[in-house]
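So the chains spell out like this:
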Amino acid sequence: MLNDVTFGQYYPTKSFVHKADPRIKLLALIAYIVALFLANNFYSLLLGFVVLVAAVIASRVPLGSVLRSVKAIIFLLIFTAVLNLFFHGGEHLLVEWWIIKIYREGVIFTVFFILRLFFLVMGSALLTLTTSPVELTDGIESLLTPLKWIRFPVHELALIMSIALRFIPTLIDETNRIISAQKARGADFESGNIFKRIKAIVPILIPLLISAFRRAEELGDAMDARCYSGSKNRTKYKKLKFGWRDLIIFILYAGLITGVVLLNFYAYRIFPEIYEFIRLS
């Protein structure tokens, strides 16, 4: 499961998306999330899926790497699906057993919600897979530059976010090493009930926390040794510039939001019969 976490992992290759400005990729992700939450029918959601597929193809990132980001939230998907399926009301009853009632509207809403969360996670993972931590830091800092007028520590915030993303795969590797060492000493993490498994995690958390604090201290010493002083009097080796790729991405995601809004209002006129069957309650 830990190896399936793709957030913070960068997939190096030369592609249309990799060469795009990190600022426009951040704005595109925000626009994509907004479009997903604005969508209120399957036609709007389908448009979001088409844009996601286009982005994955343009990024040249293996589909398996993007799909692994979803495996990390399988439990959350199942849990939310069960809650929505059993507790969402409606008019058309499909199954009734004891106190459990499943409605057609609940099934439709559950499928819609799962797809929305599925696309959201894949889109977010695609950002970190196509943007290095350094580029991500520069992009966040550039977008938050207006906050410097009110003395907000923009550079420090961007640096903290970048380090946090960068240390996710590092801590995952450290956790795998600790688990392997514990198994070599006879530890069992797979058998027993859920309480025994939770109790077995304690011997992993303690050395992991110690390792994380040690790495943080080493990182701080390394930054001090290199005379790091925050954003004061700092220059950048690589200047961010918008190009033709960024214009295409901007037009694509602006069109996505426009298309979602239009489909929200006019989908029932274009496909009245199908829309009436799958409309959300």
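This text follows the structure it describes.
This write-up is about the structure you can find in this document. (Residues numbered from 1 in each chain as written. Predicted model: local features only at pLDDT ≥ 70, side-chain atom pairs only at ≥ 80, totals over all residues. Heavy atoms only, no water.)

**Some remarks on the packing of helix 1 (residues 22–38) against helix 6 (residues 133–143)**
When two helices pack together, their arrangement is captured by the angle between the axes and the distance separating the axes. Quick reminder of the rule: In this description, a line fitted to the C-alpha atoms serves as the axis of each element, helices being fitted only across the stretch in contact, and the angle between N-to-C directions of two axes falls anywhere from 0 to 180 degrees. Numbering of helices and strands starts at the N terminus; helices are DSSP runs of H or I of at least 4 residues and strands are runs of E of at least 2. By the definition adopted for this analysis, an angle is roughly parallel if under 35 degrees, roughly antiparallel if over 145, roughly perpendicular if from 65 to 115, and oblique otherwise. Only heavy atoms matter for contacts: two residues are in contact if any of them lie within 4.5 Å across the pair. Only Asp, Glu, Lys and Arg are considered charged in this grouping, and only Ala, Val, Leu, Ile, Met, Phe, Trp, Tyr, Cys and Pro are considered nonpolar; every other residue, Gly among them, is considered polar.
In the contact formed by helix 1 and helix 6, the axes pass within 8 Å of each other and the chain directions differ by 75°. Taken together, the axes of helix 1 and helix 6 lie roughly perpendicular to each other. Facing helix 1, whose interface residues are Pro22, Arg23, Leu26 and Leu27, helix 6 presents Glu135, Leu136, Gly139, Ile140, Ser142 and Leu143. Class assignment of the residues belonging to the contact of helix 1 with helix 6 gives a composition of 6 nonpolar, 2 polar and 2 charged.

**Some words on the layout of surface pockets**
Rules: Method remark: on a 1 Å grid restricted to protein atoms, a set of points is classed as a cavity if a 1.4 Å probe fits but cannot get out and as a pocket if it is open with protein on both sides within 12 Å along at least five of seven lines; lining residues have an atom within 4 Å of a point. Grid points are joined across faces, edges and corners, and a volume is the space filled by probe spheres set on the points.
Of the volumes computed, that of the second largest pocket is approximately 300 Å³. Lining the second largest pocket are 19 residues, with Val17, Ala28, Ala55, Leu126 and Tyr253 sitting closest to its centre. For the lining of the second largest pocket, the elements supplying multiple residues, two or more each, are helix 1, helix 2 (42–59), helix 5 (104–130) and helix 9 (244–270). Sorting elements by how many residues they give to the lining of the second largest pocket places helix 2 first, with 5 residues. Taken together, the residues of the lining of the second largest pocket break down into 16 nonpolar, 2 polar and 1 charged.

**Some words on the nonpolar core**
Nonpolar side chains in soluble globular proteins tend to be buried together. Quick reminder of the rule: For this analysis, a nonpolar core means a set of buried residues of the types Ala, Val, Leu, Ile, Met, Phe, Trp, Tyr and Cys, connected via side-chain atoms within 4.5 Å. When a residue's accessible area, from a 1.4 Å probe over protein chains only, is under 20% of the maximum for its type it is buried; when over 50% it is exposed; and in between it is partly exposed.
Counting residues in hydrophobic clusters, the biggest one holds 34 residues, and the most contacted among them are Tyr32, Tyr253 and Leu256. Among the elements of the structure, helix 1, helix 2, helix 3 (63–71), helix 4 (74–87), helix 5 and helix 9 are those that each provide at least two residues to this core. Top element by residues in this core is helix 5. It accounts for 10 residues. The residues contacting tyrosine 253, other than those within four sequence positions of it, are Ala28, Ala31, Tyr32, Val51 and Ala55. Residues Leu29, Leu127, Leu136 and Ile140 belong to the second largest nonpolar core, which totals 6 residues.

**Quick word on the pattern of salt bridges**
The following threshold applies: Should a side-chain nitrogen of Lys or Arg be within 4 Å of a carboxyl oxygen of Asp or Glu, the pair is scored as a salt bridge.
Enumeration over the complete set of coordinates arrives at 3 salt bridges. The salt bridge involving aspartate 21 is made with arginine 23; its shortest N-O contact spans 3.0 Å. Residue aspartate 21 shares its accessibility class with arginine 23, and that shared class is buried. Glutamate 174 is the partner of arginine 177 in a salt bridge, and the nearest nitrogen-oxygen pair spans 2.6 Å. Of this pair, arginine 177 and glutamate 174 both sit in helix 7 (residues 154–184), separated by 3 residues, roughly a single helical turn. Classification of arginine 177 by relative accessible area gives partly exposed; the value is 46%. Several salt bridges share partner residues, and in doing so they unite Glu174, Arg177 and Arg215 into one network.

**Describing the packing of aromatic side chains**
For clarity, the threshold we go by: Each Phe, Tyr or Trp ring, with Trp reduced to its six-membered ring, pairs with another whose centre is within 6.5 Å; inter-plane angles below 30 degrees give stacked pairs, above 60 give edge-to-face pairs, and intermediate values give tilted ones.
With the rule as written, the count across this model stands at 6 aromatic pairs. Where phenylalanine 42 meets phenylalanine 112, the ring centres are 5.4 Å apart and the plane angle is 90°; that geometry is what we call edge-to-face. Placement of the pair is phenylalanine 42 in helix 2 and phenylalanine 112 in helix 5, with a sequence separation of 70 residues. A centroid spacing of 6.4 Å and a plane angle of 20° characterise the contact between phenylalanine 109 and phenylalanine 113, whose relative ring orientation is stacked. In this pair, phenylalanine 109 and phenylalanine 113 are both assigned in helix 5, 4 residues apart and thus about one turn of the helix distant. Put simply, the rings of Phe49, Phe118 and Phe119 touch in pairs and so form one group of aromatic residues.

**Observations concerning helix 7**
The following threshold applies: Multiply 1.5 Å by the residue count of a helix minus one, and that product is the helix's expected span.
For helix 7, with 31 residues, the first-to-last C-alpha span of 45 Å sits near the 45 Å given by 1.5 Å per residue. When we look at burial in helix 7, the residues that qualify are Val154, His155, Ala158, Leu159, Ser162, Pro169, Thr170, Ile172, Glu174, Thr175, Ile178 and Ile179. At the C-terminal side of helix 7, glycine 186 shows a positive phi close to 100°.

**Digging into the side chain of aspartate 246**
The condition that has to hold: Neither His nor the chain ends contribute to the count of charged residues, in which Lys and Arg are positive and Asp and Glu negative. The term polar contact refers here to a pair of N or O atoms within 3.5 Å; inside protein, the definition further demands a hydrogen-donor-capable atom paired with an acceptor-capable atom, and it admits residues adjacent in sequence only when both atoms are side-chain atoms.
In this fold, aspartate 246 is placed in helix 9. In this structure, aspartate 246 is buried with no salt-bridge partner, the nearest side chain bearing the opposite charge being arginine 23 at 6.6 Å. Side-chain polar atoms of aspartate 246 contact the backbone nitrogen of glycine 243, separated by 2.6 Å. For aspartate 246, the residues in contact, after removing those within four places along its chain, are Ala20, Asp21, Ile24 and Lys241.

**A few points about the environment of proline 62**
Looking at the element boundaries, proline 62 is found in the loop between helix 2 and helix 3. In the structure, proline 62 is positioned 51 residues away from tyrosine 11 in sequence and 9.1 Å away in space, judged by C-alpha atoms.

**Quick notes on the environment of alanine 216**
When you line up the elements, alanine 216 lands in helix 8 (residues 194–225). C-alpha of alanine 216 to C-alpha of isoleucine 163: the two residues are 53 residues apart in sequence and 9.9 Å apart in space.

These values are about where atoms sit, not about what they do.
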